[in-house]
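Residue strings, one per chain:
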Amino acid sequence: AHAISSGTISGTLKDAAGNPITWAAIQVRAVKKSDGSEVAVTFSNVADGTYQFTGLPLNINLALIASDENPDVDGYVGQYYNNVDILEWAETIT
């Protein structure tokens, strides 16, 4: 048997109209749901708005936040997955 030692998360960043964000590479961070500390960071692909995390630790509750860089460089307000702006309300990804 082969044990799974790490996880992968992928998705597409979209604007309010549901279109992939393709005009800029947007920072996406995977953070611990418990305290907001960073686990991994990546950037979206400007060709199609997709992003991917690989090698994520297992058995840790995570949340994803996009565009929370300081200072702001992309013009978007930081948001967690599914249009949430507060870590405590963010959807947990396990």
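Conventions we followed
- Residues numbered from 1 in each chain as written.
- Predicted model: local features only at pLDDT ≥ 70, side-chain atom pairs only at ≥ 80, totals over all residues.
- Heavy atoms only, no water.
- Helix = DSSP H or I, 4+ residues; strand = E, 2+ residues; numbered from the N terminus.
- Rg over C-alpha atoms; globule rule 2.2 N^0.38 Å.
- Buried < 20%, exposed > 50% of the residue type's maximum accessible area, 1.4 Å probe, protein only.
- Contact = heavy atoms within 4.5 Å.
- Areas by Shrake-Rupley, 256 points an atom, 1.4 Å probe, with all protein chains shown as cover.
- Phe/Tyr/Trp six-rings, centres within 6.5 Å; stacked < 30°, edge-to-face > 60°.
- Pairing = 2+ DSSP bridges.

*Asks:* What am I meant to see in the overall build of the chain here?
*Replies:* Helix and strand content of the chain: 0 helices and 6 strands. Beginning at the N terminus, the succession of helices and strands in the chain can be written as β-β-β-β-β-β. Relative to its length of 94 residues, the chain is compact, with a C-alpha radius of gyration of 13 Å against a globular reference of 12 Å. Considered along the principal axes of its C-alpha atoms, the chain spans approximately 45 × 30 × 25 Å. The buried share of the chain, reckoned over its 94 residues, is 35%. Across the chain, contacts joining residues at least 24 apart in sequence account for 56% of those joining residues at least 6 apart. By element, 49% of the accessible surface of the chain is carried by carbon and sulfur atoms, the whole surface being about 6,000 Å².

*Asks:* Is there a simple way to explain the packing of aromatic side chains in this structure?
*Replies:* Here a ring pair, both rings aromatic, is described through the centre-centre distance and the interplanar angle of the planes. Applying the stated criterion across every chain, the model contains 1 aromatic pair. Aromatic side chains Y51 and F53 sit 6.2 Å apart centroid to centroid with 70 degrees between the ring planes, which places their arrangement in the edge-to-face category. Just as Y51 is buried, F53 falls in that class too.

*Asks:* How should I be thinking about the side chain of S44 in this particular structure?
*Replies:* The residue S44 is located in the loop between β3 (38–43) and β4 (50–56) in this model. Using a relative accessible area of 4% as the deciding quantity, one classes S44 as buried. Discounting chain neighbours no more than four positions away, the residues touching S44 are L13, A24, A25, I26, G49, T50 and Y51.

*Asks:* What is the right way to look at unusual backbone geometry in this model?
*Replies:* Across the chain, the bulk of peptide bonds are trans and the bulk of non-glycine residues have phi less than zero. Notably, N59 is not glycine yet its phi reads approximately 60 degrees, a positive angle. Mapped onto the fold, N59 is located in the loop between β4 and β5 (62–66).

*Asks:* I keep staring at the sheet that holds β5 and nothing clicks. Help me out?
*Replies:* Either a parallel or an antiparallel arrangement is found when strands of a sheet pair, and the pairing is made through backbone hydrogen bonds. Within the open sheet, the 4 strands sit side by side as β3-β2-β5-β6. Their pairing is antiparallel. The open sheet has two edge strands, β3 and β6 (79–80), and neither has a second partner. Across 2 bridges, β5 lies against β6 in antiparallel orientation. Among the inter-strand pairings, A66 is bridged to a residue of β6, identified as Q79.

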